[in-house]
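# Coordinate inspection notes
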Amino acid sequence: MIVNIKNTTLSINSKKILEKINFRLVEGDMKFLIGKTGSGKTTFINSIFGNLKPLESEYFEVLGFDINNIDDKNIPYLRRKIGFVFQDFKLLNDRNIHDNLKFVLEATGWKDSGKINNRINEVLDLVKFEALLDKFPSEISGGEQQRVAIARSILNEPKLIIADEPTGNLDPETSSEIINLFKKLNKMGTSMIIATHDYNLILKLEGEVFKCENESLFEVKRK
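Residues numbered from 1 in each chain as written. Predicted model: local features only at pLDDT ≥ 70, side-chain atom pairs only at ≥ 80, totals over all residues. Heavy atoms only, no water.

Secondary structure assignment for the protein yields seven helices and ten strands. Since a compact globule built from 223 residues should have a radius of gyration of about 17 Å, the 17 Å found for the protein is in line with a globular shape. Taken over the C-alpha atoms alone, the protein extends approximately 50 × 40 × 30 Å along its principal axes. Classification of the 223 residues of the protein by burial places 48% in the buried group. For the protein, the exposed area adds up to about 11500 Å²; of that, 46% sits on carbon and sulfur atoms. Here the protein carries 32 positive and 32 negative side-chain charges, and the mean point of each set is 3 Å from the other. (Helix = DSSP H or I, 4+ residues; strand = E, 2+ residues; numbered from the N terminus. Rg over C-alpha atoms; globule rule 2.2 N^0.38 Å. Buried < 20%, exposed > 50% of the residue type's maximum accessible area, 1.4 Å probe, protein only. Areas by Shrake-Rupley, 256 points an atom, 1.4 Å probe, with all protein chains shown as cover. Lys, Arg positive; Asp, Glu negative; His and termini not counted. Charge placed at Lys NZ, Arg CZ, Asp CG, Glu CD.)

Given below as structure tokens:
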């Protein structure tokens, strides 16, 4: 089981955002999260990532970690098992592509420079990034930046990828390329939770769709 949430209420500053939610994600699952701005999507994602403790919860487990009782010292170990893809890429603008990825590996305990370089080349090849590695984020396109961001998310071979509006800043053609990349990663066994307003993305990928609305999280039928 990747994520198992039962009868859980999430709040911010004592205000209930999502109440009595239930959600399960097994290995290889892809699930989508939709809802208006402010409906609770980000709150839900933050809870899975360990950024937010539940107000009330019968059960909340992510990748073997009990979120209800997780110590602060163990949160980094949880996050190393999760890859995160952002709408605005969040690459470090003061270093080139190679050093963006090197920074993540070194921060998670990699020390051998040869193994670091090999892993960087492996993930960039997987996402079909073809620009020069000495280029800075500002020197490559949005689609290329998102490919690097996805490569960054899989550096440590996570069991789960969470993508927050991953096609939000991309044109339709580039979005289609990113969708195909998500298909590829999912077929390799990576579980995924994708928060999105892009219904084209949902239509082109398989998986259950959940909606945040009126303090609830519930499955909706595909159109």
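So, next bit.
Taken as a whole and assessed by the stated rule, the structure comprises eight salt bridges. With a shortest N-O distance of 3.4 Å, Lys 6 and Glu 58 are connected by a salt bridge. Of this pair, Lys 6 sits in strand 1 (residues 3-12) while Glu 58 is found in strand 4 (residues 56-62), placing the two residues 52 residues apart along the sequence. Exposure remark for Lys 6: the relative accessible area of 41% places this residue in the partly exposed category. The class for Glu 58 is partly exposed, based on a relative accessible area of 48%. (Salt bridge = Lys/Arg side-chain N within 4 Å of Asp/Glu carboxyl O.)

Below, the discussion takes up the sheet that holds strand 2 (residues 15-25). Spatial strand order, 2-1-4-5: four strands in an open sheet with antiparallel pairing. Each having just a single partner strand, strand 2 and strand 5 (65-66) make up the two edges of the open sheet. Relative to strand 4, strand 1 is paired through six bridges, and the arrangement is antiparallel. What sits directly across from Lys 6, in strand 4, is Tyr 59. The strands touched by helix 1 (residues 41-48) are strand 1, strand 2 and strand 4; relative to strand 1, the strand with the most contacts, the crossing angle is about 120°. (Pairing = 2+ DSSP bridges. Contact = heavy atoms within 4.5 Å. Axes fitted to C-alpha atoms, helices over the stretch in contact; angles between N-to-C directions.)

This part is about the layout of surface pockets. The computed volume of the largest pocket comes to approximately 650 Å³. Taken together, 25 residues form the lining of the largest pocket, with Phe 49, Arg 79, Ile 82, Phe 84 and Val 104 sitting closest to its centre. Looking at the lining of the largest pocket, the elements that each hand over two or more residues are helix 1, helix 2 (75-79), strand 6 (82-85), helix 3 (97-107) and helix 5 (142-153). Per-element accounting of the lining of the largest pocket gives the leading share, four residues, to helix 3. Space inside the second largest pocket adds up to approximately 250 Å³. Lining the second largest pocket are Glu 27, Arg 119, Leu 126, Ile 154, Glu 157, Pro 158, Lys 159, Leu 185, Met 188, Gly 189 and Thr 190. (1 Å grid on protein atoms, 1.4 Å probe; cavity = no way out; pocket = protein on both sides within 12 Å on 5 of 7 lines; lining within 4 Å. Points joined across faces, edges and corners; volume = space filled by probe spheres on them.)

The next subject is the sheet that holds strand 7 (residues 160-164). Taken in spatial order, the six strands of this open sheet run 6-7-8-3-9-10, and their pairing is mixed. Both outer strands of the open sheet, strand 6 and strand 10 (216-220), are each paired with one neighbouring strand and no more. Ignoring strand direction, the axes of neighbouring strands in this sheet form an average angle of 20°. Two strands pair when backbone bridges link them, and strand 3 (residues 30-34) and strand 8 (residues 191-195) are joined in this way by four bridges, in the parallel orientation. Paired with Lys 31 across the bridge in strand 8 is Ile 193. Along the sheet, helix 5 contacts strand 6 and strand 7; its crossing angle with strand 6, the most-contacted strand, is approximately 165°.

A word on unusual backbone geometry. One non-glycine residue, Asn 13, adopts positive backbone phi at about 50°. The residue Asn 13 is located in the loop between strand 1 and strand 2 in this model. Accessibility expressed as a relative area gives 76% for Asn 13, which makes it exposed. Of note in this structure, Glu 215 is not a glycine but carries a positive phi near 65°. Assignment of secondary structure puts Glu 215 in the loop between strand 9 (208-213) and strand 10.

Distances and angles like these do not, on their own, reveal function.
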